[in-house]
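Inside the fold
Take a look at the letters that make up each chain.
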Amino acid sequence: MSASTKQSIANERRHKGVYDALVIGGGLVGSAIAFGLRQEVDHVAVLDEGDVAFRASRGNFGLVWVQSKGMGMPAYGHWTVSSQRLWSALAEKLEAITGLEVGLEQKGGLHAVLTEHEYESRVQFMNKLIEQPGMIHYQWKMLDRKELLDMVPGIGPEVLGASWTEIDGVANPLKMLRALHTAFDVQNVDYLPEHPVADIHFKNNIFEMDTPHGVVRAKKIVVASGLGNQVLGNQIGLSIPVRPQRGQIIVLERTKRMLQLPFATLRQMDEGTWLIGDSQEEAAYADGEVGLPILATLANRAVRTIPKLRDVRVVRSWSALRVMSKDGFPIYEESPRFPGAFVATCHSGVTLAAAHALRLAPMVVEGKLSEEMAPFSTRRFNVQATT
Ligand SMILES: Cc1cc2nc3c(=O)[nH]c(=O)nc-3n(C[C@H](O)[C@H](O)[C@H](O)COP(=O)(O)OP(=O)(O)OC[C@H]3O[C@@H](n4cnc5c(N)ncnc54)[C@H](O)[C@@H]3O)c2cc1C
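These numbers come from a predicted model, not from an experiment.

Another point: the overall build of the chain. When helices and strands are tallied, the chain shows nine helices and 18 strands. In terms of overall dimensions, the chain is globule-like: its C-alpha atoms have a radius of gyration of 21 Å, near the 21 Å expected for 387 residues. For the chain, the spread of C-alpha atoms along the three principal axes comes to 65 × 60 × 40 Å. Among the 387 residues that make up the chain, the fraction classed as buried is 44%. Restricting the contact set of the chain to residue pairs at least 6 apart, pairs at least 24 apart contribute 75%.

In structure tokens:
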């Protein structure tokens, strides 16, 4: 019996009636929302394609990251910080329910600079970001080489410094996904793999999802199907402009813990494994290949940052597709044509997991997104440019 058959048997529908709430998409975004929904209502289901899917959730870097977020949309800065603040509450809740911890460390984060030009650009970027009207203020600092050496003793001679915030952090994304799915088991959320949704109908105030295993019904739905949102959004009357953006990551063997604070593109996990990441390449859907020139560039920068990595062996590398909206910011919206149907998509599903579970899900149950969510509507893509 294949692993996926075993999984589907283990995940049969337990609730036979109309679900209170249902999420389409069992990646990190959909799973975090479903977890949050279950804290509010009794009968929740998650429909997913299963292991055949192009998933961002299994290929990411695990940053719970604030610095750099919100340039051009201060509301995104606020939303990100609100999630960062709630992350420990989410981790504690998950651990209380499942007994699993998710490797959350929020001790600060660094963005390394290796040249004078990078140093100046970083200072300018961070100042511009924080000084935007309406932007949330948090403590950040440009560290010079000496200050950085005090924090990270092993940096290479080329490293001139880093931007630092005390509020950035990391989680272990695979542990996170596992904890969410274990919580589904414990709390009787019906996680249904191999249930790709082909069509969504709205009849008598109930949503009906057509799947190869029959129709599944719910009072409220959240379309959180990653790159699938473009197609499924149309079914609830919303045009969701998302595209795949490939990211590649290199995994190095486990060593004793040497790096306590994560860099934006280099971190050591709670269990000792190193991750070097992560490229940002415009990609076609089926184009998931890993390319040596890009990996070499990533590796080169990592070794220049921490020279000791030269002696640490590569275990594997992977690529995954980010879910990128037209302007890079998240999209959250309730369908004006089909009230009770919501869409959620973003490219920082780890960082935003706490906001999705503990803030967005209650709004879905209440049947209304709060005012602060207005900037994330797709209406922003339809604004006519003034000349
Ligand atoms: C290389 C890389 C590094 C990253 N690093 C970070 C990071 O450090 N921090 C961070 O916060 N984020 C990071 N991300 C982003 C993060 O991984 C994504 O935001 C997140 O995984 C997106 O999750 P998702 O659930 O929207 O999409 P996905 O993980 O793609 O999941 C979508 C799900 O929808 C399902 N689906 C699709 N169509 C249908 C359908 N018709 N019916 C039913 N189900 C359907 C699929 O089966 C799939 O399981 C990174 C991403 C990449 C690629």
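Here the focus is the nonpolar core. Of all hydrophobic cores here, the largest spans 101 residues; its most connected members are Leu 22, Ile 33 and Ala 45. The element contributing the most residues to this core is helix α9 (residues 353-366), with eight residues. With near-sequence residues (within four places) excluded, Leu 22 lies in contact with Val 44, Ala 45, Leu 47, Val 216, Ala 218 and Ile 221.

Turning to the site of the ligand, a few remarks are in order. In the vicinity of the ligand, 42 residues are found, and the nearest of them are Gly 27, Gly 226, Gly 228, Gly 247 and Gly 349. Sorting the residues of the shell around the ligand by element identifies α2 (28-38), β12 (242-252) and β16 (314-325) as the ones contributing at least two each. The dominant element in the shell around the ligand, judged by the number of residues it contributes, is β16, at four residues. Partitioned by chemical class, the residues of the shell around the ligand number 19 nonpolar, 18 polar and five charged. Of the domains in this structure, domain 1 (17-59 + 174-241 + 327-380) and domain 3 (243-325) are the two that each give at least three residues to the shell around the ligand.

Once that is clear, we can look at the sheet that holds strand β4 (residues 109-113). Spatial strand order, β4-β6-β5: three strands in an open sheet with antiparallel pairing. The open sheet has two edge strands with one neighbour each: β4 and β5 (140-144). Here the average twist between neighbouring strands, direction ignored, is 25°. Where β4 meets strand β6 (residues 161-165), five bridges bridge the pair, whose relative direction is antiparallel. By the bridge assignment for β6, Val 113 is matched with Gly 161.

Position of Glu 116 among the secondary structure elements: in helix α4 (residues 116-130). Residues Glu 116 and Leu 160, 44 residues apart in the sequence, show an inter-C-alpha distance of 7.5 Å.

It is worth spelling out helix α3 (residues 74-98) at this point. Side chains of residues three or four places apart in an α-helix project in the same direction, reflecting 3.6 residues per turn. Its 25 residues place the ends of α3 35 Å apart at the C-alpha level, agreeing with the 36 Å of an ideal helix rising 1.5 Å per residue. Leu 86 marks where α3 bends most, by close to 40°. Along α3, the positions that sit buried rather than exposed are Tyr 76, Gly 77, Trp 79, Thr 80, Ser 83, Gln 84, Trp 87, Leu 90, Ala 91 and Leu 94. Summarising the contacts, the buried residues of α3 are in contact with β3 (63-64), α6 (173-186) and α9.

The subject of this paragraph is the domain arrangement of the chain. Accessible area lost when the parts come together is the quantity often used to give the size of an interface. Split into domains, the chain comes out as domain 1 (17-59 + 174-241 + 327-380), domain 2 (109-166) and domain 3 (243-325). Each of domain 1 and domain 3 was reduced to a C-alpha centroid, and the two centroids are 29 Å apart. Taken together, the contact pairs 14 residues of domain 1 with 11 residues of domain 3. Classifying every residue of the side of domain 1 that touches domain 3 by side-chain character gives six nonpolar, five polar and three charged.

A few words now on the confidence of the model for the chain. Confidence in the prediction of the chain, expressed as mean pLDDT, is 92, and 92% of residues score 70 or more. Here residues 1-6 is a poorly scored stretch, pLDDT under 50, and it has five contacts once near neighbours within four places are set aside; other chains count.

A few words now on the environment of Leu 28. Within the element layout of this structure, Leu 28 appears in helix α2. Note: C-alpha distance between Leu 28 and Glu 372 (344 residues apart in sequence) is 22 Å.

In this section: the packing of α2 against α6. Between α2 and α6, the least distance of the axes is 10 Å, while the angle of their chain directions is 40°. Viewed along their axes, α2 and α6 adopt a mutual orientation that is oblique. The element α2 and its partner α6 pack so that their crossing is left-handed. Only Leu 177, Leu 180, His 181 and Ala 183 of α6 make contact with α2, whose side of the interface consists of Leu 28, Ser 31, Ala 32 and Phe 35.

A positive phi angle, near 90°, is found at Ser 68, a position not held by glycine. Turning to its location among the elements, Ser 68 is positioned in the loop between β3 and α3. Backbone geometry at Asn 204 places phi at a positive 50°, although glycine is not the residue there. Along the chain, Asn 204 falls in the loop between β9 (199-203) and β10 (206-211).

We now examine the pairing of β10. With five bridges joining them, β9 and β10 adopt antiparallel strand pairing. Opposite Phe 202, over in β10, you have Phe 207 as the bridge partner. Two elements, β10 and strand β11 (residues 214-223), share five bridges in a ladder whose sense is antiparallel. Bridge pairing in β11 places Thr 211 opposite Gly 214. Between β10 and β11, which pair antiparallel and follow one another directly, the connecting turn spans two residues.

Counting buried positions along strand β1 (residues 19-24) gives five out of six residues, so the element sits mostly inside the fold. Examined bridge by bridge, β1 and β11 share five bridges and lie parallel to one another. Looking at β11, one finds that Ile 24 is bridged to Val 223. Where β1 lies against strand β2 (residues 44-47), four bridges are found, and the strand directions are parallel. Across the sheet, Leu 22 pairs through a bridge with Ala 45, a residue of β2. This β-α-β element, β1 to α2 to β2, shows right-handed connectivity.

Rules and cut-offs
- Within every chain, residues take consecutive numbers counted from 1 along the sequence as written.
- In view of the model being predicted, local features appear only for residues whose pLDDT reaches at least 70, and side-chain atom pairs are presented and counted only at 80 or more, with totals across whole chains, interfaces and linings using the full set of residues.
- A run of DSSP states H or I qualifies as a helix once it reaches four residues; a run of E qualifies as a strand once it reaches two. Both are numbered from the N-terminal end.
- Throughout, the radius of gyration refers to the C-alpha atoms, and the reference size of a globule is 2.2 Å times the residue count to the power 0.38.
- Counting other C-beta atoms within 10 Å of a residue's own tells you its class, since 20 or more makes it buried, 12 or fewer makes it exposed, and anything in between is partly exposed; those C-beta atoms are placed from the backbone.
- By definition, residues are in contact whenever their C-beta atoms, placed on the basis of the backbone, come within 7 Å of each other.
- Any nonpolar core is a set of buried residues, restricted to Ala, Val, Leu, Ile, Met, Phe, Trp, Tyr and Cys, that join up through C-beta atoms within 7 Å.
- Note on definitions: a residue is near a molecule or strand provided its C-beta atom, placed from the backbone, lies within 6 Å of it.
- Ten residues, namely Ala, Val, Leu, Ile, Met, Phe, Trp, Tyr, Cys and Pro, are considered nonpolar, four, namely Asp, Glu, Lys and Arg, are considered charged, and the remaining ones, Gly among them, are considered polar.
- What marks off one domain from the next here is an automatic or database domain assignment.
- The criterion for strand pairing is that DSSP finds at least two bridges linking the strands in question.
- Simply put, an axis is a line fit to the C-alpha atoms, just over the touching stretch for a helix, and the angle between two N-to-C directions goes from 0 to 180 degrees.
- An expected span of 1.5 Å times one less than the residue number is assigned to each helix.
- Working definition for bend: take the seven residues up to and ending at a residue and the seven starting at it, fit an axis to each, and measure the angle between the axes.
- Scored from 0 to 100, pLDDT reflects the predictor's confidence in each residue.
- Note that the term roughly parallel is reserved for angles under 35 degrees, roughly antiparallel for angles over 145, roughly perpendicular for angles of 65 to 115, and oblique for everything else.
- Here a crossing is called left-handed whenever its near helix is offset anticlockwise from the far helix by less than a right angle, and right-handed whenever the offset is clockwise.
- Look down the strands so they point away from you; if the path from the first strand over the helix to the second goes clockwise, the crossover is right-handed.

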